[in-house]
Amino acid sequence: MAAGRGAAVLRRAWRQRRTALLDPSYTPLVAACLCLAEGGVNLWVIRRVPYTEIDWKAYMEEVEGFANGTLDYTRLKGDTGPLVYPAGFIYIFLGLYYATGRGTDIRLAQYLFAGLYLFNLLLVFRIYCRTNKVPPYVFFFMCCASYRIHSIFVLRLFNDPVAMAILFLAINLFLEERWSWGCFFFSLAVSVKMNILLFAPGLLFLLLQQFGLWGCIPKLCICALLQVVLGLPFLLVNPVGYLTRSFDLGRQFQFKWTVNWRFLPEEVFQNRAFHATLLLVHLAGLALFALHRWHRSKESILALLKDPAERKHASPPLTVNKIVFVLFSSNFLGVCCSRSLHYQFYVWYFHTLPYLLWCTPTAKLAHMPKVLLLGVIELCWNTYPSTICSSLSLHICHGLVLLQLWYGTAPPPVTHTPPPSRRPAAISKKAQ
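Predicted model only: the values in this text are computed from it and were never measured.

Caption draft 1: Quick look at the packing of aromatic side chains. All told, the structure shown has 36 aromatic pairs when counted by the stated rule. Seen in terms of ring centroids, Trp-261 and Phe-263 are 5.7 Å apart; in terms of plane orientation they differ by 55°. Their pairing is tilted.

Caption draft 2: Region of the structure containing helix α18 (residues 388-408). If you check α18, its first and last C-alpha atoms are 30 Å apart, about what 21 residues at 1.5 Å a residue would give, namely 30 Å. Taken together, the buried positions of α18 are Ser-390, Ser-391, Leu-394, Cys-397, His-398, Val-401, Gln-404 and Leu-405. Along the axis of α18, the buried residues cluster in a sector spanning 150°; they form a single face. Facing away from the buried side of α18, by more than 90 degrees, are the exposed residues Cys-389, Ile-396 and Tyr-407. Looking at the buried residues of α18, the elements they touch are α14 (272-294), α15 (320-336), α16 (353-358) and α17 (367-382).

Caption draft 3: Expanded view of the nonpolar core. Ranked by size, the top nonpolar core spans 121 residues in total, and within it Phe-93, Phe-328 and Trp-381 carry the most contacts. Other than its neighbours up to four places away in sequence, Phe-328 contacts Ile-127, Tyr-128, Phe-168, Ile-171, Phe-199, Thr-352, Tyr-355 and Leu-356. Phe-253, Trp-261, Leu-264 and Leu-278 belong to the second-largest nonpolar core, a separate cluster that totals seven residues.

Caption draft 4: Molecular detail of the environment of Ala-410. Within the secondary structure layout, Ala-410 lies in the segment after α18. Since its relative accessible area comes to 36%, Ala-410 is described here as partly exposed. The spacing of Ala-410 and Thr-387 is 23 residues in sequence and 35 Å in space, taken between C-alpha atoms. Setting aside residues no more than four positions away along its own chain, Ala-410 makes contact with Arg-293 and Arg-296.

Caption draft 5: Broad picture of the side chain of His-282. Tracing the backbone shows His-282 in helix α14. We classify His-282 as buried; its relative accessible area is 14%.

Caption draft 6: Broad picture of the pattern of salt bridges. Applying the stated criterion across every chain, the model contains three salt bridges. In this structure, Arg-126 and Glu-176 form a salt bridge, with 2.7 Å as the shortest nitrogen-oxygen distance. Placement of the pair is Arg-126 in helix α6 (residues 106-131) and Glu-176 in the loop between α9 (160-175) and α10 (179-190), with a sequence separation of 50 residues. With a shortest N-O distance of 2.8 Å, Glu-176 and Arg-130 are connected by a salt bridge.

Caption draft 7: How the structure looks around the side chain of Gln-344. With respect to the element layout, Gln-344 can be found in the loop between α15 and α16. Judged by its relative accessible area of 13%, Gln-344 falls in the buried class. Apart from the residues within four sequence positions on either side, Gln-344 is in contact with Asp-55, Ile-152, Phe-158 and Asp-160.

Caption draft 8: Just the environment of Ala-163, in detail. You can see Ala-163 is positioned in helix α9. Apart from the residues within four sequence positions on either side, Ala-163 is in contact with Ala-189, Val-192, Lys-193 and Ile-196.

Caption draft 9: Quick peek at a nonpolar patch on the surface. Together, Leu-225, Val-228, Val-229, Leu-232, Leu-236 and Val-237 give the surface a local cluster of nonpolar side chains, amounting to about 570 Å² of exposed area. Secondary-structure assignment places Leu-225 in helix α11 (residues 200-235).

What counts and how
Within any chain, residue numbers begin from 1 and follow the written order of that chain's sequence. The predicted origin of the model limits local features to residues at a pLDDT of at least 70 and limits the giving and counting of side-chain atom pairs to 80 or more, whereas totals for whole chains, interfaces and linings rest on all residues. Side-chain descriptors were evaluated using all non-hydrogen atoms of the structure, hydrogens and water having been removed beforehand. Under the pairing criterion, centres of Phe, Tyr and Trp rings, with the six-membered ring standing for Trp, must be within 6.5 Å; the plane angle then separates stacked pairs below 30 degrees from edge-to-face pairs above 60, leaving the rest tilted. Counting from the N terminus, the helices are DSSP H or I runs at least four residues long and the strands are E runs at least two residues long. Helix span, as expected, comes to 1.5 Å for every residue beyond the first. Exposure categories follow from relative accessible area, calculated using a 1.4 Å probe and restricted to protein chains: below 20% of the type maximum is buried, above 50% is exposed, and the middle band is partly exposed. Arc, as used here, means the arc of the directions from the helix axis to the C-beta atoms. Should any heavy atoms of two residues lie within 4.5 Å, those residues are counted as being in contact. The term nonpolar core refers to a set of buried residues drawn from Ala, Val, Leu, Ile, Met, Phe, Trp, Tyr and Cys, joined through side-chain atoms within 4.5 Å. Any carboxyl oxygen of Asp or Glu within 4 Å of a side-chain nitrogen of Lys or Arg constitutes a salt bridge here. Think of a patch as exposed residues, more than 30% relative accessible area, with no salt bridge, where like charges cluster within 9 Å and nonpolar side chains (Val, Leu, Ile, Met, Phe, Trp, Tyr) cluster within 5 Å. Accessible surface area values rest on a Shrake-Rupley calculation with a 1.4 Å probe, where residue burial reflects the displayed protein chains alone.

Bear in mind that shape data such as this cannot, by itself, settle questions of function.
As structure tokens, this is what we get:
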């Protein structure tokens, strides 16, 4: 019976092909087809495209030091340098270390990351099914058409996809209003790689709107406590070494790997004043979005510190689209202002781009420019090594996305209705 219903859905979708490609209500059907296709694409990539060693060997050497009993974080190193990720990375990749014969079975590791790719895709599609904003045809560009994303997952085996998959799991929990579990997995994602902190300003805003200051403190404690528990073996041995290595916010990046700042001279790229300027721009962008795009209540934004029941004007309820918009835009602002973007960092925001482009009202003629924008961004990330043209083009594309987010989500103008006139209405002679 279920097979018959599925066949009926497919027949109806074939008859309404145009509608199925444009109507977001068909997202579950398109998502199922694309997930099946992606299984085949990943198998083909693993078997036909040569694996490229970049960081996997270093990951295995770092976790091997922990497996051998080293708890001083400053002594955990790989062939690319010292370990610079929090403790959650150690535990997850330790599991992969043992599952793959101490990191030697690369093909098995690739299959495991292909499974991670499909799991991540299911979580992303679940978010898009809930938002009901993006036309289904766009998801083809999010799946089978991206060479760089497949490479990051199954040909390079980076830790960035692991962190992002856990992050999307947390967002799904937020959409189900399971805030405590969502905060738990959010903190777990941070413990794999710190880029997840780019979502943190948006999450803090959502927690304040939902619970007020005192109500969100327990949720923040969940995040903090998990970090302490995961890092405890290292904190007991060398707390300063663990904190400075795993949460090093001032780490210098190599100019040869930058994707977004290739058009700058290297001395400017490495200059601390430039880094401080980017930080100020990032904070200013977050403040503007928080004040004028995230916050829609009649009260001051400081009213979010109050208990929701004590606010003079009740805050609008947190809808699915509000949660996703705040989190995705918070992360995107951080990506735009990053000191450097390396090729594996593309996964930080790749799966959020369709929502960021189509969450605003889209006229028929506007679909093609948005698809073109996705294509140019993909081309910039596929240009190796990066060039002045590719990095400038990437910034232009990011700027266009920000502009359409800013103007496309502007609140409607307030219409002031004139007060009723106190003068008595004139009575016509006929009425008299």
